Amino acid sequence: MSVRHTWAVREGDATTSWFDVRWTFADGARIDALAVLCGDGVRIEDVRAEPALSLDDLSVLAEWLEDPLFEACVRPFAARPPAAPRRTRPAGPGGGEERRLAAREYRAAREEGADPVLAVMRATGHSRSRSLRLIGRARDDGLLPPRRARR
């Protein structure tokens with residue numbers, strides 16, 4: 001079983017967290033679930049299974065998952081120290097080196113068929129608008145080709 005924390009929303013003192021849960025069995029069967037930790041309880045929001053679960057299996061699924069899900073979701077959050085600020089940007093280069101990094105990531109993402117702006121956002125830690133400005137400056141420096149051919 002693997003549990004991955006995907007999202008958390010804080011409202012006042014309460015925090016709601018979502019987890020992707022996956023069980024893979026030796027015979028190739030798989031169950032994917034979306035679990036929500038809210039207050040002091042864990043709920044299952046979505047379940048997908050291959051092959052499909054029978055109604056009898058679905059009725060005992062909650063009992064079967066209760067202990068492993070509690071271990072994976074509740075205990076780590078209860079023992080965890082307060083989180084660091086989330087908006088901190090990774091320490092990286094500035095100026096011309098940052099434009100070269102953006103151009104390198106942009107070109108690599110284009111070659112792979114991925115979103116180049118998102119690749120620059122991940123590499124620099126900037127927002128979308130700041131990443132677009134950085135890409136524009138890299139174009140102005142001649143590190144990337146012009147956006148449109150000028151007549």
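Everything below is about the structure shown above.
1. Regarding the overall build of the protein
The helix and strand tally for the protein stands at four helices and four strands. Here the protein, with 151 residues, has 23% of them falling under the buried criterion. A fraction of 28% describes how many contacts in the protein between residues 6 or more apart in sequence connect residues 24 or more apart. Carbon and sulfur atoms make up 50% of the accessible area of the protein, which amounts to about 11200 Å² in all.

2. Some remarks on the sheet that holds strand β3 (residues 30-38)
Across the sheet, which stays open at both edges, the four strands sit in the order β1-β2-β3-β4 with antiparallel pairing between neighbours. Every interior strand has two partners, whereas the edge strands, β1 (2-11) and β4 (41-50), have only one. The average angle at which neighbouring strand axes cross in this sheet is 15°, direction not considered. When β3 meets β4, the two strands line up antiparallel, connected through nine bridges. Considered in β4, the bridge of A35 is made with I44.

3. Remarks on the nonpolar core
Judged by nonpolar contacts, F19, V21, W23, I31, A33, A35, L37, L61, L65 and L69 together constitute the single largest core of 10 residues. Looking at this core, the elements that each hand over two or more residues are β2 (14-24), β3 and α1 (55-79). Per-element accounting of this core gives the leading share, four residues, to β3. Leave out the neighbours within four places in its chain, and I31 touches V21, R22, W23, F25, V47, R48, A49, L53, L61 and W64. The next biggest cluster of nonpolar side chains, apart from the first, holds nine residues, and it includes A102, Y106, V117 and A138.

4. Structural notes on the side chain of R139
Of note, R139 is situated in helix α4 (residues 128-140). Despite being buried, R139 has no salt bridge partner; D140 is the closest side chain of opposite charge, sitting 7.5 Å away. Looking at R139, its side chain comes within polar contact range of the main-chain oxygen of P145, at 2.6 Å. The contacts of R139, once residues within four sequence positions are left out, are Y106, L144, P145, P146 and R147.

5. A short note on the pattern of salt bridges
Across all of its chains, the model carries eight salt bridges by this definition. The partner of R4 in a salt bridge is D20, with the nearest N and O atoms 2.8 Å apart. Taken together, the positions of R4 in strand β1 and D20 in strand β2 put the pair 16 residues apart, joining distant regions of the chain. Overall, the relative accessible area of 51% leaves R4 in the exposed class. The residue D32 makes a salt bridge to R30 at a minimum N-O spacing of 3.2 Å. When salt bridges that share partners are traced, they join R22, R30, D32 and E50 into one network.

6. With respect to the packing of helix α2 (residues 95-112) against α4
Here α2 crosses α4 at 100°, and the two axes come no closer than 9 Å. Comparing the axis directions of α2 and α4 gives the class roughly perpendicular. Along its contact with α2, which presents E98, R99, A102, A103 and Y106, the element α4 presents L134, I135, R137, A138 and R139.

Conventions we followed
- Residues numbered from 1 in each chain as written.
- Predicted model: local features only at pLDDT ≥ 70, side-chain atom pairs only at ≥ 80, totals over all residues.
- Heavy atoms only, no water.
- Helix = DSSP H or I, 4+ residues; strand = E, 2+ residues; numbered from the N terminus.
- Buried < 20%, exposed > 50% of the residue type's maximum accessible area, 1.4 Å probe, protein only.
- Contact = heavy atoms within 4.5 Å.
- Areas by Shrake-Rupley, 256 points an atom, 1.4 Å probe, with all protein chains shown as cover.
- Pairing = 2+ DSSP bridges.
- Axes fitted to C-alpha atoms, helices over the stretch in contact; angles between N-to-C directions.
- Core = buried A, V, L, I, M, F, W, Y, C linked by side-chain atoms within 4.5 Å.
- Lys, Arg positive; Asp, Glu negative; His and termini not counted.
- Salt bridge = Lys/Arg side-chain N within 4 Å of Asp/Glu carboxyl O.
- Polar contact = N/O pair within 3.5 Å; in protein donor to acceptor, adjacent residues only side chain to side chain.
- Parallel < 35°, antiparallel > 145°, perpendicular 65-115°, else oblique.

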